[in-house]
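One-letter residues, chain by chain:
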Amino acid sequence: DPTKYFAMHTAIDGESMTVKWQVMVNGNMDLCATDYEGKYSFATCYNSEGAVTLEGMMAADQDWLYVFNLGAIQAAVDGGKVIKVGDFDKVIDARGGDNEFVQRIPVPKSPHGINISPDGKYGIVSGKLSPTCSVVDISKLDDVFAGKIKPRDAVIAEPEVGLGPLHTAFDGKGNAYTSIFIDSVMTKWNIDKAIEQFGGADVDPILEKIDV
């Protein structure tokens, strides 16, 4: 019964290499990352539809970037606000929508990678079935969890980098380098220019593409 399916976001203690907690969410999750302050972890959700066929999984134009509030999760675990799944008894059920533990940022389409910029300001989310990368302003996430802004308001740029973006690396000079698997290129683009373009400026953030 697909309505009973769920995914787990799992935290591992790096010293003991044991599971600290798990969070249940809807849909399927792909790659994960964390911020540099220990406040948030992220996972791309590529099957927000909850489908069990390829066609169904690709139906929605937007899926989600899951943002997990590590402090709220740990506080709930410490306070015993958990359920047991199988033999593990430190599971938080965060299914069903946005809440204090997890927020869903809408991003196009079947997102694959998320990478954090070296300055810790941005999470770059690649839409595997979209030609775009979504730039998430991590400083806005406190307001998202507080309900002061909508989750989508944390997206501050969405440049078109090519068909099938996957992973992004950085040069520390404000430029991003995204691997593109359908177009078979690597795209170099400027983050500040992408933000300006998203705000309405007539600029092109794409600097160069090379075939790979």
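Everything numeric here is computed off the predicted structure, so don't read it as measured data.

Draft legend 1. Spotlight on a nonpolar patch on the surface. Together, Ile12, Met17 and Val19 line one region of the surface with nonpolar side chains, adding up to about 290 Å² of accessible area. In this fold, Met17 is placed in the loop between strand 1 (7-12) and strand 2 (19-25).

Draft legend 2. Representation of the side chain of Ser134 within the structure. Here Ser134 is to be found in strand 11 (residues 133-137). For Ser134, a relative accessible area of 1% gives the class buried. Residues contacting Ser134, with those up to four places away along its chain left out, are Val107, Pro108, Gly123, Ile124, Val125, Val155, Ala157 and Glu158.

Draft legend 3. Seen up close, the environment of Asp98. Structurally, Asp98 is set in the loop between strand 7 (88-93) and strand 8 (102-108). Since its relative accessible area comes to 37%, Asp98 is described here as partly exposed. With near-sequence residues (within four places) excluded, Asp98 lies in contact with Gln103, Arg104 and Pro151. Of the polar contacts made by the side chain of Asp98, one reaches the backbone nitrogen of Arg104; its length is 2.8 Å.

Draft legend 4. Just the pattern of salt bridges, in detail. Enumeration over the complete set of coordinates arrives at four salt bridges. Measuring nitrogen to oxygen at the nearest pair gives 2.8 Å for the salt bridge that ties Asp93 to Arg95. Judged by its relative accessible area of 37%, Asp93 falls in the partly exposed class. Glu158 is the salt-bridge partner of Arg152, the closest N and O atoms lying 2.8 Å from each other. For Arg152, a relative accessible area of 27% puts it in the partly exposed group. Of the residues examined, Glu158 reaches a relative accessible area of 18% and is grouped as buried.

Draft legend 5. Inspection of the state of the cysteines at higher detail. Considering all chains together, one arrives at zero disulfides under this definition. Looking at the unpaired Cys32, the closest cysteine sulfur is the one in Cys45, lying at 11 Å. Cys32 gets classed as partly exposed once you look at its relative accessible area, which sits at 46%. A relative accessible area of 0% means that Cys45 is categorised as buried.

Cut-offs used in this document
- Residues numbered from 1 in each chain as written.
- Predicted model: local features only at pLDDT ≥ 70, side-chain atom pairs only at ≥ 80, totals over all residues.
- Heavy atoms only, no water.
- Patch = residues over 30% accessible without salt bridge, like charges linked within 9 Å, V, L, I, M, F, W, Y side chains within 5 Å.
- Areas by Shrake-Rupley, 256 points an atom, 1.4 Å probe, with all protein chains shown as cover.
- Salt bridge = Lys/Arg side-chain N within 4 Å of Asp/Glu carboxyl O.
- Helix = DSSP H or I, 4+ residues; strand = E, 2+ residues; numbered from the N terminus.
- Buried < 20%, exposed > 50% of the residue type's maximum accessible area, 1.4 Å probe, protein only.
- Contact = heavy atoms within 4.5 Å.
- Polar contact = N/O pair within 3.5 Å; in protein donor to acceptor, adjacent residues only side chain to side chain.
- Disulfide = S-S within 2.5 Å.

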